[in-house]
Amino acid sequence: MSKIEEFEELRPLLFSIAYRMLGSVSEAEDAVQETWLRYADTTTVPRSTKSFLSATVTRISIDVLRSARVRREEYVGPWFPEPLLNDPYDDPARSAELADSVSMAALVLLERLSPLERSVFVLREVFAFGFDEIASAVGRSESACRQLLVRARRHMEAGRPRFTADDEERQRLATRFFDALRDGDVGGLQDLLAADVQFVGDGGGKAPQLARAVVGAQNVARLLGSVFPLMARVDITFEPHRINGQPGAIFRDRDGRVLHTLALDVVDGRIEAIRTVINPDKLAHLGPVGDAWAADREVRQARRS
């Protein structure tokens with residue numbers, strides 16, 4: 001194969017590594033493009049193109065993470081990754097690891113790790129790279145990489161999401177949830193929520209968002225049951241869709257523009273967390289983005305009238 005054919009064959013893997021490292025679709029795409037430019041310029045023929053390109057995209061992602069640290073620390077409100085509708089990389093032998101690692105809950109946990117810990121964890125736990133390949137990618141010894149992995153596992157397991165429900169069960173629960181949401185059925189919603197459920201939004205200071213997380217089945221059900229019928233009255237619609245491998249939906253204004261996404265974490269037959277991304281900067285890859293402030297004003301007006 002030619003260089004470009006080799007690269008295009010590995011592009012899905014490279015994007016999946018970069019996205020798990022960065023939590024950003026746009027930054028992951030940029031990292032993959034930079035990887036191609038470096039590969040195209042090299043005159044050395046690598047023994048393993050997969051190892052070479054994976055190491056390159058990992059190093060680029062580490063540099064991006066380091067430069068993004070200050071931005072993340074100064075971010076307004078909760079930070080969630082950019083919603084991912086479809087993971088382009090598929091490996092039947094590691095389908096469970098891939099699905100778990102791309103969830104909103106897992107990516108939020110990965111934010112606790114240093115760039116090196118995150119890269120070692122992603123390459124080893126998600127994509128099953130050998131420690132020799134990982135050591136080459138991050139510029140550390142194999143022994144140091146094993147220690148980095150131990151620390152990363154400890155951080156991750158402290159708040160590890162427990163996705164015990166199978167996919168069919170999650171989808172059935174999600175169908176009931178969105179039916180109850182459409183109907184404004186507070187009781188029906190409350191029956192589906194865990195007692196300590198959290199409803200959290202990421203607006204980044206650029207869109208209307210909750211002042212704080214709403215916690216508890218009764219509180220969350222009342223909020224959802226009161227707000228979403230008002231949204232329907234001003235022609236805001238939603239379409240169920242997988243968001244980061246979990247049940248969710250995309251919400252649109254009357255012109256079909258994206259307003260926000262919503263993702264559900266299902267644990268032990270109940271919804272444990274509901275996360276919305278409404279920051280317009282994180283939605284542009286999904287299509288034209290609507291004016292969330294204008295939509296919010298319409299909803300408030302509908303409430304008053």
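Here goes a summary of the coordinates provided. (Residues numbered from 1 in each chain as written. Predicted model: local features only at pLDDT ≥ 70, side-chain atom pairs only at ≥ 80, totals over all residues. Heavy atoms only, no water.)

Side note on the overall build of the protein chain
- Within the protein chain, the regular secondary structure consists of twelve helices and six strands.
- For the protein chain, whose C-alpha radius of gyration is 21 Å, the value lies close to the compact-globule estimate of 19 Å for 305 residues.
- The long-range fraction of contacts in the protein chain, counting pairs at least 24 apart against all pairs at least 6 apart in sequence, stands at 67%.
- Surface accessibility of the protein chain: about 14400 Å² in total, with carbon and sulfur atoms responsible for 48%. (Helix = DSSP H or I, 4+ residues; strand = E, 2+ residues; numbered from the N terminus. Rg over C-alpha atoms; globule rule 2.2 N^0.38 Å. Contact = heavy atoms within 4.5 Å. Areas by Shrake-Rupley, 256 points an atom, 1.4 Å probe, with all protein chains shown as cover.)

Concerning the layout of surface pockets
- A volume near 590 Å³ is recorded for the largest pocket.
- Contributing to the lining of the largest pocket are 21 residues, with Pro 208, Leu 210, Val 227, Ile 278 and Asp 296 lying nearest its centre.
- Listing elements by their share of the lining of the largest pocket, those giving two or more residues are β1 (193-202), α11 (217-233), β5 (258-267) and α12 (292-304).
- When its residues are assigned to classes, the lining of the largest pocket shows 14 nonpolar, four polar and three charged. (1 Å grid on protein atoms, 1.4 Å probe; cavity = no way out; pocket = protein on both sides within 12 Å on 5 of 7 lines; lining within 4 Å. Points joined across faces, edges and corners; volume = space filled by probe spheres on them. Nonpolar A, V, L, I, M, F, W, Y, C, P; charged D, E, K, R; others polar.)

A word on the packing of aromatic side chains
- Evaluated as defined, the whole model comprises nine aromatic pairs.
- With a centroid separation of 5.8 Å and 55° between ring planes, the pair formed by Tyr 89 and Phe 127 is classed as tilted. Taken as a pair, Tyr 89 in the loop between α3 (49-73) and α4 (95-101) and Phe 127 in the loop between α6 (115-126) and α7 (131-138) lie far apart in primary sequence, 38 residues in all.
- Classification of Phe 127 as buried rests on a relative accessible area of 9%.
- Their ring planes at 80° and their centres at 5.1 Å tell us that Phe 177 and Phe 178 sit as a pair that is edge-to-face.
- The class of Phe 178 is buried, set by a relative accessible area of 4%.
- An aromatic cluster of at least three residues, connected via ring pairs, comprises Phe 177, Phe 178, Phe 228, Phe 238 and Phe 251.
- When the ring centre of Tyr 39 is taken as reference, the NZ or CZ atom of Lys 3 above it lies at 4.9 Å. (Phe/Tyr/Trp six-rings, centres within 6.5 Å; stacked < 30°, edge-to-face > 60°. Buried < 20%, exposed > 50% of the residue type's maximum accessible area, 1.4 Å probe, protein only. Lys NZ or Arg CZ within 6 Å of the ring centre and 35° of its normal.)

So, the sheet that holds strand β4 (residues 246-252)
- Strand order in this open sheet of six strands is β2-β1-β6-β5-β4-β3, and the pairing throughout is mixed. The strands lining the two open edges of the sheet, one partner per strand, are β2 (214-215) and β3 (237-243).
- Pairing of β5 with strand β6 (residues 270-277), which is carried by seven bridges, proceeds in the antiparallel orientation. In the strand pairing of β6, Leu 262 is matched with Thr 276.
- Along the sheet, α11 contacts β1, β2, β4, β5 and β6; its crossing angle with β1, the most-contacted strand, is approximately 50°. (Pairing = 2+ DSSP bridges. Axes fitted to C-alpha atoms, helices over the stretch in contact; angles between N-to-C directions.)

Looking at α12
- With 13 residues, α12 ought to run about 18 Å at 1.5 Å a step, and its terminal C-alpha atoms sit 18 Å apart, in line with that.
- Residues of α12 that are buried include every one of Ala 292, Ala 295, Val 299 and Ala 302, and no others. Seen end-on, α12 carries its buried residues on one side only, within an arc spanning 80°. In α12, the exposed residues that point more than 90 degrees away from the buried face are Arg 297 and Arg 304.
- Buried residues along α12 sit in contact with α11 and β5.
- N-cap assignment for α12: the residue whose side-chain oxygen lies 3.0 Å from the backbone N of Trp 293 is Asp 291. (Expected span 1.5 Å × (residues − 1). Arc of directions from axis to C-beta. Polar contact = N/O pair within 3.5 Å; in protein donor to acceptor, adjacent residues only side chain to side chain.)

Re the pairing of β5
- The buried fraction of β5 is high, at ten of ten residues.
- In this sheet, β5 lies alongside β4 in antiparallel orientation, the contact comprising five bridges. Each residue of the ladder has a partner; that of Gly 248, found in β5, is Ala 263.
- Hairpin connection, β4 to β5: the antiparallel pair is bridged by five residues, and Gly 256 has positive phi, about 85°.
- Here β5 folds back onto β6 in antiparallel fashion, the turn holding two residues, of which Asp 268 has a positive phi close to 50°.

Thoughts on the side chain of Thr 276
- Inspection of the secondary structure puts Thr 276 in strand β6.
- For Thr 276, a relative accessible area of 10% translates into the label buried.
- Each residue touching Thr 276, except ones within four places of it in the same chain, is listed here: Phe 80, Phe 199, Val 200, Gly 201, Asp 202, His 260, Thr 261 and Leu 262.

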